[in-house]
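Coordinate inspection notes
What follows is the residue order along each chain.
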Amino acid sequence: MRLIPLIPAALIVSLAQPVSAQDWTRFTSTEDGFSANFPGQPKVETITYTSEYRQQLPGRTYTASDPLGRYSTTVVDYRNIEKLHADRAAKCRAAQGDGDSCQNDFRVDLAGATDHAVWNYMKRDGVKFTHYMYYFVELVSGRLIQMTNPDKTRTFAAIHQHAGRLYIHEATVASGMPDPILFMQGLAWADDKGLAIRYRTIYTEGYGEWKFPHEMPPFTVRDLNTSIDGTIPPKK
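This report concerns the structure included in the present document. Everything quoted here is computed from the prediction, not taken from an experiment. (Residues numbered from 1 in each chain as written. Predicted model: local features only at pLDDT ≥ 70, side-chain atom pairs only at ≥ 80, totals over all residues. Heavy atoms only, no water.)

1. Quick word on the overall build of the chain
A count of helical and extended segments in the chain gives five helices and 13 strands. Per-residue burial over the chain gives 47% buried out of 236 residues. Within the chain, residue pairs in contact and separated by at least 24 positions form 54% of the contacts whose partners lie at least 6 positions apart. (Helix = DSSP H or I, 4+ residues; strand = E, 2+ residues; numbered from the N terminus. Buried < 20%, exposed > 50% of the residue type's maximum accessible area, 1.4 Å probe, protein only. Contact = heavy atoms within 4.5 Å.)

2. Some points on the environment of Asp 66
Along the polypeptide, Asp 66 turns up in strand E4 (residues 56–66). Under the relative-accessibility criterion, Asp 66 is labelled buried at 10%. Residues Asp 66 and Val 173, 107 residues apart in the sequence, show an inter-C-alpha distance of 9.8 Å. Within the local environment of Asp 66, its side chain forms a polar contact with the backbone nitrogen of Leu 68, the two atoms lying 2.8 Å apart. A distance of 2.9 Å separates a polar atom in the side chain of Asp 66 from a polar atom in the side chain of Tyr 71. (Polar contact = N/O pair within 3.5 Å; in protein donor to acceptor, adjacent residues only side chain to side chain.)

3. Section: the environment of Asn 149
Tracing the sequence through the fold places Asn 149 in the loop between strand E7 (140–148) and strand E8 (154–162). The spatial distance from the C-alpha of Asn 149 to the C-alpha of Ala 174 is 9.8 Å, given a sequence separation of 25 residues.

4. Description of the pairing of strand E6 (residues 128–137)
Note: E6 against E7, nine bridges, orientation antiparallel. Directly across from Tyr 132, in E7, lies its bridge partner Ile 145. If you look at the hairpin formed by E6 and E7, you'll find two residues sitting between the two strands, and Glu 138 has a positive phi there, around 50 degrees. (Pairing = 2+ DSSP bridges.)

5. Quick notes on the state of the cysteines
Evaluated as defined, the whole model comprises one disulfide. Linked covalently through their sulfurs, Cys 92 and Cys 102 form a disulfide whose S-S length is 2.0 Å. What sets the handedness of the Cys 92 and Cys 102 disulfide is the S-S torsion sign, and at about -75 degrees it is left-handed. Placement of the pair is Cys 92 in helix H2 (residues 81–94) and Cys 102 in the loop between H2 and helix H3 (106–111), with a sequence separation of 10 residues. You can call Cys 102 buried: its relative accessible area is 7%. (Disulfide = S-S within 2.5 Å.)

Here's what the structure looks like:
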């Protein structure tokens, strides 16, 4: 789902060149399972992310900037969260806790990861939300938000969960600058060979009897470095 108007990447880069000499390139992280357009090689920072139910999770933030704005993709690893919650509940019971104080919050923490990330934006001081919608990238469910910050800059963010990870794809541009279409529409899911995954049915993570690893819906893969429409069938 793409409500941001689709403009050819070459045109966007051409329009941006009077204020930016940096070349936009496709960056792929097979380790974190995504690819995206960045103005140059992004800087990578290791982070610790706090889930809604106070679990400390490992992650990485990929950041870059140009004269038009700042761009980042944050990837949080939720794949160990079931064990973290099980260990917490067991420790609580061993300390003679009972009832809700020792409940295992694994499923709600996982299923609510996208909404918790949105809430972290909503509670920022002085921000005004200008758009909020259900969204998907290659049929992976998510949320798309746009907001105006107290300094009049505008922030765009797409938030998704895929293959046990939370993705927060964010761009901030100055007031009056064009929408960051090249960055926001460049997010894709990468397999272990760096090929882009495109699902054939809606992919929504974290509901029902979800566990990681779990069976993936049908999908195809593409090499975005050679052809945006070139489909490569997955190996059987």
